[in-house]
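Listed below, chain by chain, are the residues.
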Amino acid sequence: MIISRYIHINKNKQRRENIKSSLSDQEIKVLSLIAEGHSNKEIAIKLFIAETTVKSHVSNILNKLNAKRRTEAVKIGRELKIV
């Protein structure tokens, strides 16, 4: 029982590290701003990038986190302590 829990914890840590390393710094910033409730336009203004670039980052984030919606991506990000 203790060993299986240890393996489970280590797998979660490894998964978290794999996902963290797959997201770029800019994607993490975008995910953090999404978590704060900002729209794509607001994120673009805050990060001094085009709104289409934000949309690309959001799409990449959703793919990398295997999420269907922004809210799901934020939930995963919080669970994995990315945001």
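The rules behind each value
- Residues numbered from 1 in each chain as written.
- Predicted model: local features only at pLDDT ≥ 70, side-chain atom pairs only at ≥ 80, totals over all residues.
- Heavy atoms only, no water.
- Helix = DSSP H or I, 4+ residues; strand = E, 2+ residues; numbered from the N terminus.
- pLDDT = per-residue confidence, 0-100.
- Buried < 20%, exposed > 50% of the residue type's maximum accessible area, 1.4 Å probe, protein only.
- Contact = heavy atoms within 4.5 Å.

With respect to unusual backbone geometry
- In this model, Phe 48 sits at a positive phi of 55°, which is unusual for a non-glycine residue.
- Counting through the fold element by element, Phe 48 comes out in the loop between helix H3 (40–47) and helix H4 (51–65).
- The phi torsion at Asn 66 lies on the positive side, around 55°, for a residue other than glycine.
- Summarising the element assignment, Asn 66 is placed in the loop between H4 and helix H5 (70–79).

What about the confidence of the model for the protein chain?
- Considering every residue of the protein chain, the mean pLDDT works out to 87; 81% of them sit at 70 or more.
- The least confident element of the protein chain is helix H1 (residues 2–22), whose mean pLDDT is 63; the most confident is H3, at 98.

Focus: the side chain of His 57
- Topologically, His 57 is positioned in helix H4.
- Residue His 57 is classed as buried on the basis of its relative accessible area, which comes to 15%.
- Contact partners of His 57, with chain neighbours within four places excluded, come to Gln 26, Glu 27, Val 30 and Ile 49.

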